[in-house]
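# Structural characterization, general
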Amino acid sequence: MAKINTQHSYPGMHRLSVRTTDEDIERIENGCIRIHSLCEDASSELQRVISVEGRHVSESQTSSFTGRGAMARLSRFVISVRSWATRHMHHEDQRPDSFLERIRGPELIEVSSRQSNIRSFLGIREHPGGVNSHWPFARFNVNYSNNTNEDKKEEKKEVKEEKKEEKKEEKKEEKKDDKKDDKKKEEKKKEIFVIDPSSNIYYNWLTIIAAPVFYNWCMLVCRACFDELQVDHVKLWLFLDYISDVIYVLDMFVRFRTGFLEQGLLVQDEKKLRDHYTKTLQFKLDVLSLLPTDLAYLKLGLNYPELRFNRLLRISRLFEFFDRTETRTNYPNMFRIGNLVLYILIIIHWNACIYFAISKLIGFGTDSWVYPNVSIPEYGRLSRKYIYSLYWSTLTLTTIGETPPPVKDEEYLFVVIDFLVGVLIFATIVGNVGSMISNMNASRAEFQAKVDSIKQYMHFRKVTKDLEARVIKWFDYLWTNKKTVDEKEVLKNLPDKLKAEIAINVHLDTLKKVRIFQDCEAGLLIELVLKLKPTVFSPGDYICKKGDIGREMYIIKEGKLAVVADDGITQFVVLSDGSYFGEISILNIKGSKSGNRRTANIRSIGYSDLFCLSKDDLMEALTEYPEAKKALEEKGRQILMKDNLIDEEAAKAGADPKDLEEKIERLETALDTLQTRFARLLAEYTSSQQKVKQRLASVETRVKKYGSGTLSTGETEAEKPEEEKKQ
């Protein structure tokens, strides 16, 4: 390092003299091998020297390493070497040089960068011109650098080229980002095209695919057995066959796009859908059903439709269509019966075609069992051939009536198989028909049993004929208007959420018509909707009478009610659909002149369908909504004030003594439960305390007898049998 001599020639100011040699400069250039901590110490000292020297050096000084200001320049050089060393030691990537650094020249690029670091370290701000007023030698180096104009032009060209390269790289990155966005969009589009098996689109497709499957199952066997049917309409059959093949191909595409549920969510990944379908047995059957076996037409001719029997392997689509239709229809029992009849007809149809084929194989008219000779004009018609075979098949499978006995062995064998099939299949069919018919009449049988039990009860108790007739008419009205269904019994298997949604859909609009419930919380309305009970009143029935205690309120769903006088004849007002009454009495408002008693007689004019909300159910729902309870009471109080039916002094008197009694009773029950719990805890505590005392007493006796050493041995001996038990 250069030797630094400091002299105090002026008070408060340092003067530096520097002597450098070639050896010192070499040592400075090789300073990069020093450790980072030493470089930092030197740089901090040098920065202090630069700050002192820069204040007293004039701009007229030379730029050599000798004379005044040499120490500052040498220090800058050392700092640049130090920054180069630290960059290489920490493997930092060098940023591209700025435009000003290139103009300054290669000798002072690192010096200027280090100057900026020094400025940031010392907190010195830079002027807009780019040169600090406190650094005269920086201006000197910028203005008197050794760069030529040619070097500057070359550097400008390099800067332009670098900018062009940067722009190209940015464009490439933008293109990559665009490609990624396009790929994401394509993936989203692929995921969108998935058919939900529970949607209407899927069911409509099942309706389409069921038609060619049913066509193949009915017509292929018929065309294969009855030659005239195939020969006379070849073009029609070819058209229908290949239309069905096109639908079969489309059906495979639909199966590839049919979603399935995984962890409760519909899978929309194309690969998963493909793997899910290809691993099933149905995929293999679908592939077999599309094998081009009808290419054999080219060799054998067009009169062999049995070559297309592999198309029958799509029968699962027909069954799926029937199952989904059964769940969607509003008349499932009727559909089951129709479906069963269709199965019977298909079995009889196939059996008739097989009978005609066996007769053709043996020879028409060779014996009494086979089909008669077709040379006879009466039996030569196509319609007679099919109808005769169908008649024989029906008699054989149903075992009804007599058929010609078989003659040959193969005929006997076929008849035996037919009888077995008829017994097994039709036994199950008849059993299913019986269960379907009984299910159709189950509700009627259950309702009739209730009516019969009530009739027996009234007859046993000798009820008057007039009242008995009214009860029977009430039951007839329920049955004819389909109001015999118990809603709770029907909906008991549904989760609470679905029950609430159904109740909201059916009853919420009716409940909102009541004035006091119009501005209530949605949660309270849902609670009340679930507690509404439908009731039916006969003509002339009193819903409530004047002076009765009000325990429920009513909402008219259907029918007409009359507010009548005490004689039951004079009508004051007629209430119709949507009207309600009794809402004030169930709130039990303080100060009400009528209390919670009815203030009018209400009678049903005809059959009336009402919703009933009891006081207990309302109070149970309001326990969770105290603010709603206060709002309802305030609304009821305002209604009573409008009608002048409230005593303001009683309302302001304070709490009702009955309410206080109820609160006291609740507190007493709560105290009783707390006492019982405390007694249990106290008993457990005393028992555990006694056990601890017994243990301590036994330990004390041992210590007194044998000393403290035996206590540890006793414990080890006690632990041994416990370990043996565990083992």
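What comes next is a walk through the structure.

### So, the sheet that holds strand β11 (residues 601-604)
The four strands lie next to each other as β6-β11-β8-β9, forming an open sheet whose pairing is antiparallel. Each edge of the open sheet is held by one strand with a lone partner, namely β6 (542-544) and β9 (571-575). This sheet shows a mean twist of 30° between the axes of neighbouring strands, independent of strand direction.

### Regarding the pattern of salt bridges
Note on pairing: side chains with opposite charge can pair once their charged atoms come close. Taken as a whole and assessed by the stated rule, the structure comprises 24 salt bridges. In this structure, the salt-bridge partner of Arg 384 is Glu 378, at a minimum N-O distance of 3.2 Å. Glu 378 sits in the partly exposed class, given a relative accessible area of 42%. For Glu 634, the salt bridge goes to Arg 637, with nearest N and O atoms at 2.9 Å. A residue pair is termed a helical-turn pair when its members lie 3 or 4 positions apart in one helix, as Glu 634 and Arg 637 do in helix α25 (residues 626-642) at three residues. Several salt bridges converge on common partners, so that one network encompasses Asp 251, Arg 255, Asp 286, Arg 314, Arg 317, Glu 320 and Arg 324.

### Observations concerning helix α10 (residues 234-256)
Helix length check: α10 (23 residues) gives 33 Å between terminal C-alpha atoms against 33 Å at 1.5 Å per residue, within 8%. Taken as a whole, α10 has its buried residues at Val 234, Trp 237, Asp 241, Ser 244, Asp 245, Ile 247, Tyr 248, Asp 251, Met 252, Val 254 and Arg 255. At its buried positions, α10 is contacted by α8 (200-225), α9 (227-232), α11 (270-278), α12 (281-289) and α14 (315-328).

### Side note on the packing of aromatic side chains
Taken as a whole and assessed by the stated rule, the structure comprises 30 aromatic pairs. Here Phe 322 and Phe 335 contribute two aromatic rings whose centre-to-centre distance is 6.4 Å and whose plane-to-plane angle is 65°, an arrangement assigned as edge-to-face. One end of the pair, Phe 322, is in helix α14; the other, Phe 335, is in helix α15 (residues 332-362), with 13 residues separating them in the sequence. A ring pair is formed by Trp 392 and Phe 414, whose centres lie 5.9 Å apart and whose planes are at 15°; its orientation type is stacked. In this pair, Trp 392 is assigned in helix α17 (residues 382-398) and Phe 414 in helix α18 (residues 409-440), connecting sequence segments 22 residues apart. Given a relative accessible area of 3%, Trp 392 falls into the buried group. In this structure an aromatic cluster arises from ring pairing among Phe 226, Phe 356, Phe 364, Tyr 371, Tyr 379, Tyr 386 and Tyr 388. Lying across the ring of Tyr 242, Arg 308 places its NZ or CZ 5.8 Å from the centre. Here Arg 328 stacks its cationic end above the ring of Tyr 203, 4.5 Å away from the centre of that ring.

About the cut-offs
- Residues numbered from 1 in each chain as written.
- Predicted model: local features only at pLDDT ≥ 70, side-chain atom pairs only at ≥ 80, totals over all residues.
- Heavy atoms only, no water.
- Pairing = 2+ DSSP bridges.
- Helix = DSSP H or I, 4+ residues; strand = E, 2+ residues; numbered from the N terminus.
- Axes fitted to C-alpha atoms, helices over the stretch in contact; angles between N-to-C directions.
- Salt bridge = Lys/Arg side-chain N within 4 Å of Asp/Glu carboxyl O.
- Buried < 20%, exposed > 50% of the residue type's maximum accessible area, 1.4 Å probe, protein only.
- Expected span 1.5 Å × (residues − 1).
- Contact = heavy atoms within 4.5 Å.
- Phe/Tyr/Trp six-rings, centres within 6.5 Å; stacked < 30°, edge-to-face > 60°.
- Lys NZ or Arg CZ within 6 Å of the ring centre and 35° of its normal.

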